[in-house]
Amino acid sequence: MLKPTVGPIIGHTTTNQARIFLSAKKQKEALVFGGIRYRRISEERWNKGVFKQLMDVRDVSDVFVLQDLYADTEYEYQAGWFSPMNPVHTVETIQELPLQWPREVYRFRTQSNQITTPRAYIIGSCRYLSMTAGVPWAPHLGDRIFASISHLAKHGSPPVSAMLMTGDQVYIDDLNFIAPDREYNEILAKYRVAFSQPHITKLMSSTPTYMILDDHEIEDNWPANKSRGDEQLYKNAMGAYELFQASHSPAHELNTEGQLNWQLKQYWYQFTHGDIEWFVTDSRTRRNLAANDRRIFDIEQEQALCDWLIHSPARVKFVVTSVMFYPDRKRLAGDAWEAFPEQRLRLLETIRLHKIKNVIFVSGDVHGSLTSRLSHSEDPDFEIHAIVSSPLCNSKLLPYAKDSTFILDQPLARTAAGDYRHELTGKVISQDNFAHLIVDTEMIHVRYHDRNGNLLQSTGIPLR
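Everything numeric here is computed off the predicted structure, so don't read it as measured data. (Residues numbered from 1 in each chain as written. Predicted model: local features only at pLDDT ≥ 70, side-chain atom pairs only at ≥ 80, totals over all residues. Heavy atoms only, no water.)

(A) Representation of helix H6 (residues 299-311) in the model. Look at H6: 18 Å from first C-alpha to last across 13 residues, which is about the 18 Å you get at 1.5 Å a residue. As for H6, its buried residues are in contact with strand S13 (269-273), strand S14 (276-280), strand S15 (316-320), helix H7 (341-353) and strand S16 (359-363). (Helix = DSSP H or I, 4+ residues; strand = E, 2+ residues; numbered from the N terminus. Expected span 1.5 Å × (residues − 1). Contact = heavy atoms within 4.5 Å.)

(B) Representation of the side chain of Gln301 in the model. Tracing the chain through its elements places Gln301 in helix H6. Here Gln301 is in contact with Trp268, Phe279, Thr281 and Asp282, once residues within four sequence places are set aside.

(C) Inspection of the layout of surface pockets at higher detail. Estimates place the volume of the second largest pocket at around 720 Å³. Every element with two or more residues in the lining of the second largest pocket is listed here: strand S1 (6-13), strand S7 (106-109), helix H2 (139-155) and helix H4 (198-204). Of the residues forming the lining of the second largest pocket, the biggest block, five residues, is contributed by H2. Split by residue class, the lining of the second largest pocket holds 13 nonpolar, ten polar and seven charged. (1 Å grid on protein atoms, 1.4 Å probe; cavity = no way out; pocket = protein on both sides within 12 Å on 5 of 7 lines; lining within 4 Å. Points joined across faces, edges and corners; volume = space filled by probe spheres on them. Nonpolar A, V, L, I, M, F, W, Y, C, P; charged D, E, K, R; others polar.)

(D) Expanded view of the state of the cysteines. Tallying each qualifying case throughout the model produces zero disulfides. Free of any disulfide, Cys126 has its nearest cysteine sulfur in Cys393, 10 Å distant. Here Cys126 falls in the buried class, since its relative accessible area comes to 1%. (Disulfide = S-S within 2.5 Å. Buried < 20%, exposed > 50% of the residue type's maximum accessible area, 1.4 Å probe, protein only.)

(E) Region of interest: the pattern of salt bridges. The full count for this structure, using the stated rule, is 29 salt bridges. The closest approach of N and O atoms between Asp59 and Arg192, which form a salt bridge, is 2.8 Å. With Asp59 in the loop between strand S4 (50-53) and strand S5 (61-66) and Arg192 in helix H3 (residues 184-194), this residue pair connects regions lying 133 residues apart in the sequence. Residue classification places Asp59 among the buried residues on the basis of a relative accessible area of 5%. Since its relative accessible area comes to 29%, Arg192 is described here as partly exposed. Two residues, Arg373 and Glu383, come together in a salt bridge whose shortest N-O distance is 2.7 Å. (Salt bridge = Lys/Arg side-chain N within 4 Å of Asp/Glu carboxyl O.)

Right, dumping it as structure tokens:
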């Protein structure tokens, strides 16, 4: 068996289940099978393995669902693929072959079933990787930060429960003005290179990784910059996104046999870790730019988010939105929440009027990192926070955000009931970085680290 060409990527992981993505090299007119075998660290014998035929229609990739795992338990596993000589083999018959697995052994941990146990997360976005004629330029520059994240994930306490990648994991449009990638195979090639660099491979093979797209997975400032003929670009970009990012997420339901249902209803999703819950929104593909009803996402998703905010019993509620919820930028690009003030105000009023506590908005996008507190002039019970983490790797062509980028001396919104006022709770970080969150019983500790893992800033968000 051979090592995966991309992966393995640990995706959605619960107390008793893990989803693992891998892909193989396409074989001309030959069957390709992929497999994973695993065991608890304390065990000597591997299980029989889980196998799938890898199909060309999914770029010779698939997601393996490991079932009936033990909670808060470390597992090790091996993953690989091969193409048998006999063209009549099936998933059942290949399990009887004397397979030689790749030597590399990976590890992951299932989630704890202790409701209030402290948990840790990594947040990052905007990982720039330039490619010219299918060849990456200096790919180590976009990969080195993942070595620092891996070190922290391995040695940090409490264990990292997940990494949230909140948008622009790839830049499909990095050469938009010269030779834009528009064809499906070109976009797939960009994903393969971006997700197969050594340090990100090591990180994603052991840390559950949750992803959501932003505009550069399609085109800068999509769909505002959409032009005639872009329907095929969108189809190709989203086909690749569904394979490499959405496939191992909770957006996919499982069928009655416990395997992935490839019929995808939407890109937004939820997941739960004890008394901490995450709602990962799709703030990019369901926008309505009509002047009479501007929406950053559609009615269905807004209603689902509001229902979750109101009715979820979670102690801490993280809302991921790839573009910034607040503060607003001085230079209005019409791309983030400042361009959709009515919908934003509806969410704020929902949180305020229902007295929902410990709501944290998590985002990226702006190539700068910050924490911010939002309060209400007439309602002392209202408080939400924003955590922004961006970029993992910037392009030399793009500036970093700084304090002067944002409107900080005016209320976010004025209403008859009072003003929504915000303040930074730390400095704006203007360099490549990632955020390390620790959620304990009294506080969310937000620690920003540079690409070498050095601590840049630490902020505490008291829980109520």
